[in-house]
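Chain by chain, the residues:
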Amino acid sequence: MNDVLTPQLLSPELPPAPPASSRIEFTNERPVFRRLAMRGAMLELITVGFYRFWLATDMRRHLWSHTAVEGDAPEYTGTARELLIGFLFALAILMPIYGAYFLLGIEAERLQTFAGTPLALFYYLFIQFAIYRARRYRLTRTVWRGVRFTMGGSGINYALRVGLWTLLALITVGFAMPWRQAALERYKMRNTAYGSLQGRFEGTGGGLFKRSYWMWVSLPIVLIGVPVLIVQSPGVGVTVLGFVMLVFPFVYAAFKAVEWRWWVSGIRFGDVRFESELGSEDLIGLYWKVIGWAVLLSVLLSMWIGGVTGIIYAVFGGSSAEAAMQAMQQPFALAGIGIGYLASVLAFWTVMRIYLIHDLWGRVANSVTVHNLAAAVDVAEQGQTVNALGEGLADSLDIGGF
Amino acid sequence: MDARPDATTETTVPPPAVGETLAPAAVYFDGKTNRKRQVTLRFAGGIEIIEDDRILDIWPFGEVRRADGPPNMLRLACVTALPLARLEIADQRTKAAVLAHCAAIDTVERTRSNTLRIVFWSVAAFCSIVGLAMFGIPYAADRLAPIVPVSWEKRMGDAADGQIRTMLGGKLCTGAEGQAAFTALVDKIREAGELDLPTDAHVLSSEIPNALALPGGRVYMLDGLLQKANSPDEIAAIIAHELGHVKHRDNVKRVIQTGGTSFLFGLLFGDVSGAGAVIFVSRQLLDASYSRDAEHDADTYAVDVMHRLGRSPLPMGELLFRITGKEKSPFSIFASHPLTENRLEDMKKAHRPNTGPALLTDAQWRALKNICKG
């Protein structure tokens, strides 16, 4: 839109009223992303995983720069180097924590057998802390129209909220989940800002529950009913279980679509509102593709393991059973199986990245309408960037997102 | 072309001539607000950013950098301008002009040599971590274990005791005569083995044929093993083996080693994209190999003690073989102990005719066998 300018656009005194609503547009360059993800996976294999920082950065740059809000794409300004440094800092911080965790575990066990188990709770909360801080890193590296997003609040505070809400959700066998989602999202969003434009979240737990009550009602019925049925009459029970597993992706897609729509429509930045038309049909195809790939990859992996075993047996195995057993202990056999396994894991991750990161991102982005973006004109830059420690922690704890 | 921020007259300029004002060809964000300004650019001393004949800023050519942007759009930042100030250029002619003027535009972009550097350092890090896991950690464990105070080890033992006892089931056997015989046997072995750390040995009424040493010198002989034994020598060598673990402080070493490998493998490679299984297997292999070394050393100690007592260590090998049979399998490299057949082989080599007195009298041996029946 930059080359179709009309003279009055240049006048700062008379800013033209932009249309009240506009779509977010995602430019689908799937082959580019696919190459990026596949190359990244290869390099991850060669670099024993260290390439993940560069891959994550490349993927984010791609997604950010291909998503246009009123013609302007955000810029991801984070660097892989920051992620690497954040990760190394996280290691330094986690080392004493692991040590303390270990010693505490011993002391707790000494006082009472198996008393160390609740310490896993601490771990869960710590992960929530890391998730909060990682979101903060990503937001402060997101720049749109020369102004960055910022995020305040405290990771510890957030982790405590997650702890209490999760407890409540457990007590109510999941019925409190929608309210938990709403409360956590409210906390995140009221600490989020775009420049001087304050964010907030107006979605409510009741709103989410109303749109997805069927899910919350049927879930406990299925979770309790199916095992009971299997015990009572195994034949019928297993048939029902098979049916449930077949139907699950459809149900999950329907629920996720509801959740996405609810989430998007709850977001506010000042007077800017959003709305999503995401339907379950947008998601269901993606899920089945991932399931299909997973099946294909496991078949390939079994064939590979079978092949390696066969070759090793043919080369090293003798006639006796003992010689055959000895052959399987060859480092080649283990290395062959290990490499096959790693390759299939990386292939699966590439599939996940293409479908559940790139395609999902694209579909969600394309489903969104932005209302009243005019309220976001002349927003002033403010706020600071934060370091990548949170991402490093999240990464070390194996919970890195995109 | 080198970067010359102050070059006033550029001579090698393609399409747009020096000083030529281009048609509105760029969008400018000043980095203070998100106002989107349509600007014209003039290439003179630098990129002059002009709005309504007013120069908003001048970006020296040498300080202009490419920022990440959408496809078909050239997004620029400037080192000396505000960090978030951006110029966005979609027009091909203008893009070409910028690329021609700004030599240093891609200095921060990733290049092929950069990727090679990442690969090199990753491989180097991998080698150093593997080296650390294979040599550094066992060395550190050997050096650190003797420094750990016995009282700490005892605390760990107390913590482990509850779990172990719950898992094994069974109660402490307290038959008075049997306990006296057991203590006498343990004391003989302690003396012969020159063990000066405190020990606390008991028989547990569990069916499992095994014996174990916990941190802090607590040793359990399980009744299942006792019932399978045919002579005091068999039991004595097993106790000597467990006391060998106590003397070598293998439990402390094990804690240090497991902690070390978990840390190295779990954290550093924690996110090799879900390669958790490979990490788990590698850790098991490594831990098993540490453990086999420790077991082998404890066997050597047991053989030594039996020699000093003037008894043959062979019965222990026979007892083990009676319990496990031949162990060789495809999973032997995951085994925590040396294969029983190999242990039996070692004990056969160490066999010497008995020269010392029997370790227990027949009456004592009977009492020990019946320790859990009281």
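Before reading further, recall that the structure is shown in the block above.
Residues numbered from 1 in each chain as written. Chains lettered and ligands numbered in written order. Predicted model: local features only at pLDDT ≥ 70, side-chain atom pairs only at ≥ 80, totals over all residues. Heavy atoms only, no water.

Engineer: Residue-level account of the nonpolar core, with values.
Structural biologist: If you look at the biggest cluster of nonpolar residues, it comprises 57 residues, and the most contacted ones within it are Y194(A), F269(A), V272(A) and F274(A). With seven residues, helix α2 (residues 52-65) of chain A is the single largest residue contributor to this core. Other than its neighbours up to four places away in sequence, F274(A) contacts V264(A), S265(A), I267(A), F269(A), V368(A), T369(A) and V370(A). Of all hydrophobic cores here, the second largest spans 44 residues; its members include A240(B), V246(B), L309(B) and I371(B). (Core = buried A, V, L, I, M, F, W, Y, C linked by side-chain atoms within 4.5 Å. Buried < 20%, exposed > 50% of the residue type's maximum accessible area, 1.4 Å probe, protein only. Helix = DSSP H or I, 4+ residues; strand = E, 2+ residues; numbered from the N terminus. Contact = heavy atoms within 4.5 Å.)

Engineer: Before we move on, could you go through the state of the cysteines and cite the residues and values that matter?
Structural biologist: All names here are of chain B. Scanning the model with the defined rule gives one disulfide over all chains in all. The disulfide partner of C173 is C372, and the S-S distance across this bridge is 1.9 Å. One quick way to see it: the torsion about the S-S bond of C173 and C372 is about 95°, and its sign makes the bridge right-handed. Of the two residues, C173 sits in the loop between α3 (150-168) and α4 (176-192) while C372 sits in the segment after α11 (362-369), which places them 199 residues apart along the sequence. Distance from the sulfur of C102, which forms no disulfide, to the nearest cysteine sulfur (C78) is 9.0 Å. (Disulfide = S-S within 2.5 Å.)

Engineer: I'd love a proper account of the sheet that holds strand β10 (residues 368-371) of chain A, names of residues and values included.
Structural biologist: Residues and elements named next belong to chain A. The sheet built from ten strands is open, its strands ordered β2-β1-β10-β9-β8-β7-β6-β5-β4-β3 with antiparallel pairing. Both outer strands of the open sheet, β2 (67-69) and β3 (75-76), are each paired with one neighbouring strand and no more. Summarising the sheet, strand β1 (residues 21-26) and β2 pair through three bridges and their orientation is antiparallel. Among the inter-strand pairings, E25 is bridged to a residue of β2, identified as A68. In this fold helix α6 (residues 177-190) packs onto β6 (192-194), β7 (197-201) and β8 (267-269), with an angle of close to 175° to the strand it touches most, β7. The strands touched by helix α8 (residues 234-266) are β7, β8, β9 (272-276) and β10; relative to β8, the strand with the most contacts, the crossing angle is about 20°. (Pairing = 2+ DSSP bridges. Axes fitted to C-alpha atoms, helices over the stretch in contact; angles between N-to-C directions.)

Engineer: Give me the packing of helix α9 (residues 314-324) of chain B against helix α10 (residues 340-349) of chain B: which residues, what numbers.
Structural biologist: All names here are of chain B. Contact geometry for α9 and α10: axes closest at 8 Å, N-to-C directions at 160°. Between α9 and α10, the interaxial angle falls into the category roughly antiparallel. As for how α9 packs across α10, the hand of that crossing is left-handed. On α10, the residues touching L314, M316, G317, E318, L320, F321 and T324 of α9 are T340, E341, R343, L344, M347 and K348. Looking at the contact of α9 with α10 residue by residue, the class counts come to six nonpolar, three polar and four charged. (Parallel < 35°, antiparallel > 145°, perpendicular 65-115°, else oblique. Left-handed = near helix turned anticlockwise from the far one by under 90°. Nonpolar A, V, L, I, M, F, W, Y, C, P; charged D, E, K, R; others polar.)

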